[in-house]
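# Descriptive analysis of the structure
Spelled out from the first residue to the last, the chains are:
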Amino acid sequence: MTEFLPIGGIGPQIDEAGGTETEPPSEPISLGEHEETDPFPVSQADAEFLESMEERFGTAPLDVSFGSDGQVTLSSGSYVGVLTLPSGVRVEVTPKRTVTRLLWALRYAFDTPVDTLDLETDFTSASSFFDAIGILFRAELHSVLSQGLHRDYVSTSSIEKRVKGRIDVQRQLQRPSPVTTDFAVDYEEFTTDNTLNRAVLASIRVLITLVSDDDLRSQLRVQERQLREFVSVEPVQPATVRRIELSRLNDHYTTLLELATLVLEREFFEDIRAGTQRSLALFVNMNTVFERIVERGFRAIAQEQEGLRVDGQSSIPNLVDGPHSVSMRPDVLVRTAGGEPILVADAKWKTNHESPSSSDVYQLTSYILSLEVPGVLVYPGGSVKIPPSTVEGYSLHSFAVSTDADTGSYDDYVQDLEASVERLFDQVVTEASESSR
């Protein structure tokens, strides 16, 4: 499954009094994907923060352009999330066009059993991106707690009444009594108070300060108290979190660790204190989320089909030999039980379904030629009316999955989404299976 790559960071302290020069077109500024604001004036601090986003975060979640009059235009792309400027002005980017509710999309992408359906997160101006992350975090932590906190060996130095591990000679000689009755020792303790659990605790303490729903905040505080019975509050550096490697013994932490990384990445909120607010950015790339949605949808339908399996991000043979060869990893590869490829698909988080980009078509064409199977460009929401093309006798399709289903519950949302994938299977996989016989 594709890696979840969040963007997070903090900026200067918010100074609303000093940011009166910023006159946003609305408060908060609300954008859908691939939309832009009207030009508006900004303060010097806001302008500097916007111009420094790529340097701060490694990539810019928003496109920023300045007119000759100094006014700024913000344009969104595939990143969704929130941005708070040094003036206190908030920008929300939400997938209005192609996802009914971002929370449901994240739930499906993460395959997370969330039971707090009473907590609405529609991503209107009255709600918060942090609530969606908080609900997912709470659900994943509930799952981890039910399966048991991970234990690991941790190097410990302490003063004990009896020898435990090895005596620290230097510290022992510095003991005040000439005839000491206790011992300075170093030993390995098998404990839940380890880096992984400390990262989780640090993350939930941050989320408690950010979520806007009172019920959710209370539920996160209950989980914080549960964790603090077994885990100490210690600062955790993002670089340390990134080095954590999971094994089969703790792979039930996989999604929770990704969410913790999202919150703590790049020293996120390190300087947030009670009574102190900082400008910040927190975004996720919907390209990555959509790739997860498509892969999970394909897996769900393949399980219902006899003799099919799905590989995500699987390496396939390269068409080019030599120094110009590049890695080829389609988002989804459907195989028979015997391993024979019958369909390749690539997920594209784009709203313009009727005019595929040349690069998207070229990329899928290379997969089709490499594997000698039909291929599908998969888009979010709506419907695609483009008839199939052919590549050396193999069909190339465009198809949309129902991420924009107008439903009243998450279960109905999943049912509609997977029904759209099933229609794709009925049309394309059946064709591919018949042609391979």
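Above this text you will find the structure in question.
Quick summary incoming for the structure in this document.

What counts and how
Residues numbered from 1 in each chain as written. Predicted model: local features only at pLDDT ≥ 70, side-chain atom pairs only at ≥ 80, totals over all residues. Heavy atoms only, no water. Helix = DSSP H or I, 4+ residues; strand = E, 2+ residues; numbered from the N terminus. Buried < 20%, exposed > 50% of the residue type's maximum accessible area, 1.4 Å probe, protein only. Contact = heavy atoms within 4.5 Å. Areas by Shrake-Rupley, 256 points an atom, 1.4 Å probe, with all protein chains shown as cover. Phe/Tyr/Trp six-rings, centres within 6.5 Å; stacked < 30°, edge-to-face > 60°. Lys NZ or Arg CZ within 6 Å of the ring centre and 35° of its normal. Pairing = 2+ DSSP bridges. Axes fitted to C-alpha atoms, helices over the stretch in contact; angles between N-to-C directions. Salt bridge = Lys/Arg side-chain N within 4 Å of Asp/Glu carboxyl O. Parallel < 35°, antiparallel > 145°, perpendicular 65-115°, else oblique. Left-handed = near helix turned anticlockwise from the far one by under 90°. Nonpolar A, V, L, I, M, F, W, Y, C, P; charged D, E, K, R; others polar. Arc of directions from axis to C-beta. Patch = residues over 30% accessible without salt bridge, like charges linked within 9 Å, V, L, I, M, F, W, Y side chains within 5 Å.

### Some details on the overall build of the protein
When helices and strands are tallied, the protein shows 12 helices and 16 strands. Counting over 437 residues, the protein shows a buried share of 52%. Considering only residue pairs separated by 6 or more positions, the protein has 67% of its internal contacts joining residues 24 or more positions apart. Summed over its atoms, the accessible surface of the protein is roughly 20800 Å², and 44% of this surface lies on carbon and sulfur atoms.

### Here's the deal with the packing of aromatic side chains
Tallied over the entire structure, the rule returns four aromatic pairs. Members of the aromatic cluster, joined through ring pairs, are Trp-104, Tyr-410 and Tyr-413. Sitting over the face of the ring of Tyr-108, Arg-296 holds its NZ or CZ atom 4.2 Å from the ring centroid.

### Re the sheet that holds strand β14 (residues 375-380)
Spatially, the six strands line up as an open sheet ordered β11-β12-β13-β14-β16-β15, and their pairing is mixed. On the outer flanks of this sheet lie β11 (308-312) and β15 (389-391), each paired with one strand and no other. Pairs of neighbouring strands in the sheet enclose a mean axial angle of 25 degrees, with direction left out of account. On top of the sheet, helix α10 (residues 286-304) reaches β11, β12 (332-336), β13 (341-347), β14 and β16 (394-401); it is set at about 165 degrees to β11, its chief contact. Lying over the sheet, helix α11 (residues 358-371) contacts β12, β13, β14, β15 and β16, oriented at roughly 165 degrees with respect to β13.

### Comments concerning the pairing of β14
β14 sits mainly inside the fold: six of its six residues count as buried. Side chains Gly-375, Leu-377 and Tyr-379 project from β14 onto one buried face, and the interleaved Val-376, Val-378 and Pro-380 project onto a second face that is buried too. Where β13 and β14 come together, four bridges link them in parallel fashion. Each bridged residue has a counterpart across the sheet, and for Ala-347 the counterpart in β14 is Val-378. As defined by bridge partners, β14 adjoins β16 across six bridges and the pair is classed as parallel. Residue Val-378 lies in a different strand from β16, and its bridge partner there is Phe-399.

### Here we look at the pattern of salt bridges
Counted according to the given criterion, the structure contains 12 salt bridges. For Asp-214, the salt bridge is made with Arg-217, and the minimal N-O distance between the two is 2.8 Å. Taken together, the residues span about one helical turn, with Asp-214 and Arg-217 both in helix α7 (residues 214-228) at a distance of three residues. Exposure remark for Asp-214: the relative accessible area of 54% places this residue in the exposed category. A residue is classified by how much of its surface remains accessible, and Arg-217, at 19% relative accessible area, is buried. Here Glu-224 makes a salt bridge to Arg-228, at a shortest N to O gap of 3.7 Å. One end of the pair, Glu-224, and the other, Arg-228, are both in helix α7, four residues apart, so they sit about a helical turn from each other. Connected through salt bridges with shared partners, the residues Asp-346, Lys-348, Lys-350 and Asp-360 form a single ionic network.

### Examining the packing of helix α3 (residues 102-110) against α10
Following both chains from N to C, one finds α3 and α10 inclined at 60 degrees, their axes separated by 8 Å at the closest point. Taken as axis vectors, α3 and α10 run oblique relative to one another. Considering only the axes of α3 and α10, their crossing is left-handed. Of the residues in α10, those in contact with Leu-102, Ala-105, Leu-106, Arg-107, Tyr-108, Ala-109 and Phe-110 of α3 are Met-286, Val-289, Arg-292, Ile-293, Arg-296, Gly-297 and Ala-300. When the residues that make up the contact of α3 with α10 are grouped by side-chain class, the tally is 10 nonpolar, one polar and three charged.

### Here's the deal with helix α1 (residues 44-51)
All of the buried residues in α1 are Asp-46, Ala-47, Phe-49 and Leu-50. An end-on view of α1 places all buried positions within 165 degrees of arc, on one side of the element. Facing away from the buried side of α1 by over 90 degrees, the exposed positions are Gln-44 and Glu-51.

### Quick word on a nonpolar patch on the surface
Residues Leu-319, Val-320 and Leu-369 make up a contiguous nonpolar surface patch of roughly 220 Å² in combined accessible area. Looking at where Val-320 falls in the secondary structure, it is placed in the loop between β11 and β12.

### Structural notes on the environment of Val-144
By secondary structure assignment, the location of Val-144 is in helix α4 (residues 129-147). Judged by its relative accessible area of 0%, Val-144 falls in the buried class. Separated by 106 residues in sequence, Val-144 and Asn-250 place their C-alpha atoms 9.1 Å apart. Among residues more than four places away in sequence, those in contact with Val-144 are Leu-149, His-252, Tyr-253 and Leu-256.

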